[in-house]
Amino acid sequence: MVSASSSQLSEPFSQPTITSTLRSILSSIPLIRVLVRRDLRLRYHSSVLGYLWTLIEPLLLAGAYYFVFTILRGTTEPMYPLLVLTGVLIWSMFTKTVRFAVNSLVKNASLLQQVHFPHATLIVSKCGANYIITFMSMLVLIPFMIMYEISVTWRIVYVAYGLLMSGVLAAAIGFLLAPANVRYRDIDHLVGFLTRVGFFLTPIMYTIAYIPQKYLAWYLFGNPMAVNITIVRSGILGEPLMITPTAALISAASTFVLLWFGLLVYSRYQNKAVKYL
């Protein structure tokens, strides 16, 4: 006799639709919590400093950026180290989530072949773990905010919004490409290359002020992460959005359209992809 819980776990396999995938994610929140805790625990397993690395690594990066761009280069950009570090932290969360999401079926092949559970929880739990790590890492921004005399305002909510949309975008890409990556491992290499190129095409080491005004609208439309990073920076600085609300809305809409399409592809092909693991 099959229990109700077992029926819920096997539901994504019997009804590969967007609705059933979303329903399986919502019904598997306890499992997602377990996977998030496991990921956080394994990330710093056998590490003496443990979770302190979430602060030490960005602090070392901040010191390096300050030395290179402020002391050696002598940049005149105000608060440049703070802006760069913010961009690096958000981009790091995005790329780590994308790379794991694209490889979520491949890297967990043995688990997927032995246990029936909603595959999508692997991607969602990774997003959750990276959210936690990024929030902890962003604590290193506080000394810079104090140094530059930046007060926390209600616009700090922009930070949460930018992080949320970055995770949604990463998950959307993962859902879209994970099934195909099982058959064609070239996709992982292509994604790795594109994320490295994207580092230079996204305002991480610079701001959108460097983008010519006549190209700005198309640039923001084609690069949602540029929008997300810029929104987070506005929240950190406590300033009005550096982009128009229209650009932010278009970016959000395109991200959710991509998520819908990614879920459609993932729901339709996830079970077929598992057969090739």
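Up top you'll find the structure we're talking about.
Residues numbered from 1 in each chain as written. Predicted model: local features only at pLDDT ≥ 70, side-chain atom pairs only at ≥ 80, totals over all residues. Heavy atoms only, no water.

**With respect to the environment of L237**
With respect to the helices, strands and loops of the structure, L237 is situated in helix α13 (residues 224-237). Between the C-alpha atom of L237 and that of M145, which follows or precedes it by 92 residues, the distance is 8.0 Å. In this view, L237 contacts M79, L82, L83, I150 and M242; residues no more than four positions away in its chain are not counted. (Helix = DSSP H or I, 4+ residues; strand = E, 2+ residues; numbered from the N terminus. Contact = heavy atoms within 4.5 Å.)

**Overview of the layout of surface pockets**
Of the volumes computed, that of the largest pocket is approximately 470 Å³. Forming the walls of the largest pocket are 21 residues, and the residues nearest its centre are W91, F94, I173, L194 and N223. At the level of secondary structure, the elements contributing two or more residues to the lining of the largest pocket comprise α5 (80-102), α10 (157-183), α11 (186-201), α13 and α14 (245-274). Per-element tally for the lining of the largest pocket: the top contributor is α11, with 7 residues. Here the residues of the lining of the largest pocket are counted per class, giving 14 nonpolar, 7 polar and no charged. The computed volume of the second largest pocket comes to approximately 300 Å³. What lines the second largest pocket is a set of 16 residues, among which E57, S92, K96, I133 and S137 lie closest to the centre. Sorting the residues of the lining of the second largest pocket by element identifies α4 (53-72), α5 and α8 (120-137) as the ones contributing at least two each. Class assignment for the residues of the lining of the second largest pocket results in 8 nonpolar, 5 polar and 3 charged. (1 Å grid on protein atoms, 1.4 Å probe; cavity = no way out; pocket = protein on both sides within 12 Å on 5 of 7 lines; lining within 4 Å. Points joined across faces, edges and corners; volume = space filled by probe spheres on them. Nonpolar A, V, L, I, M, F, W, Y, C, P; charged D, E, K, R; others polar.)

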